[in-house]
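# Architecture at a glance
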Amino acid sequence: MDNEMLFQAILMALSCHRGRYNRAEKWRLVETVFAVQIPQAQRNPNNPYDRQFREAVSHMRHNGLLIGSDSKGGYWLMEDIDEVLDVAGQFRRRAKDLLHSASKLESTGRSVFGGQRRLF
């Protein structure tokens, strides 16, 4: 499935899921979009269908589509500014946590190994 077809399939699957309280469960969406059955044992973040789905949603968001998601494993089309601000806030908190981890890692690494990179 090419990217355009994938984006259209995701939008079609989400069209009935407007608003956080009408979110669709992720694995159900993945199975619908790719027309596959995924056994419970293969439902993990390394599943190729899941990875492709998440990458497509990320791309769609980067292009301005208001697709919400949360830690409960659901996706939906956002329908008001409150949902947009809540989801954006979740993204910011995750980004701050990653930046803090990166900073701490660098600081500890410089203390342990010194500040200079090796030449060879």
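Description of the structure in this document. Model, not experiment: these values are computed from the prediction. (Residues numbered from 1 in each chain as written. Predicted model: local features only at pLDDT ≥ 70, side-chain atom pairs only at ≥ 80, totals over all residues. Heavy atoms only, no water.)

With that settled, the discussion passes to the pattern of salt bridges. Applying the stated criterion across every chain, the model contains five salt bridges. Between Arg 20 and Asp 86 there is a salt bridge whose closest N-O contact spans 3.9 Å. Of the two residues, Arg 20 is situated in the loop between α1 (3-14) and β1 (24-25) and Asp 86 in helix α4 (residues 81-113); the sequence distance between them amounts to 66 residues. In this structure Arg 20 comes out as buried when scored by relative accessible area, which is 14%. Of the charged contacts, one joins Asp 50 and Lys 26 as a salt bridge, the two residues approaching to 3.1 Å between their closest N and O atoms. Linking Asp 50 in helix α3 (residues 48-62) with Lys 26 in helix α2 (residues 26-34), this pair joins segments that are 24 residues apart in sequence. When sorted by exposure, Asp 50 lands in the same class as Lys 26, which is buried. (Salt bridge = Lys/Arg side-chain N within 4 Å of Asp/Glu carboxyl O. Helix = DSSP H or I, 4+ residues; strand = E, 2+ residues; numbered from the N terminus. Buried < 20%, exposed > 50% of the residue type's maximum accessible area, 1.4 Å probe, protein only.)

Attention shifts here to the nonpolar core. Membership of the largest hydrophobic core comes to 20 residues, with the highest contact counts inside it found for Ile 10 and Phe 53. For this core, the secondary structure elements donating two or more residues are α1, α2, α3 and β3 (74-77). (Core = buried A, V, L, I, M, F, W, Y, C linked by side-chain atoms within 4.5 Å.)

Counted as a void, the largest pocket has a volume near 430 Å³. If you trace the largest pocket, you find 18 residues lining it, with Arg 61, Ser 69, Tyr 75, Phe 91 and Arg 94 closest to the centre. Those elements that provide at least two residues to the lining of the largest pocket are α3, β3 and α4. Here the element with the most residues in the lining of the largest pocket is α3; it accounts for seven residues. Across the lining of the largest pocket, the residue classes tally to three nonpolar, seven polar and eight charged. Counted as a void, the second largest pocket has a volume near 290 Å³. Taken together, Glu 106, Gly 109, Arg 110, Phe 113, Gly 114, Gly 115, Gln 116, Arg 117 and Arg 118 form the lining of the second largest pocket. (1 Å grid on protein atoms, 1.4 Å probe; cavity = no way out; pocket = protein on both sides within 12 Å on 5 of 7 lines; lining within 4 Å. Points joined across faces, edges and corners; volume = space filled by probe spheres on them. Nonpolar A, V, L, I, M, F, W, Y, C, P; charged D, E, K, R; others polar.)

Let us look at the sheet that holds strand β2 (residues 67-69). The strand order across the open sheet formed by three strands is β1-β3-β2, and the pairing between neighbours is antiparallel. Since the sheet does not close on itself, it has two edges, and those belong to β1 and β2, each with one partner. By the bridge criterion, two bridges tie β1 to β3 in an arrangement that is antiparallel. Bridging across to β3, Ala 24 finds its partner in Tyr 75. (Pairing = 2+ DSSP bridges.)

Function-wise, these values are silent; they only describe arrangement.
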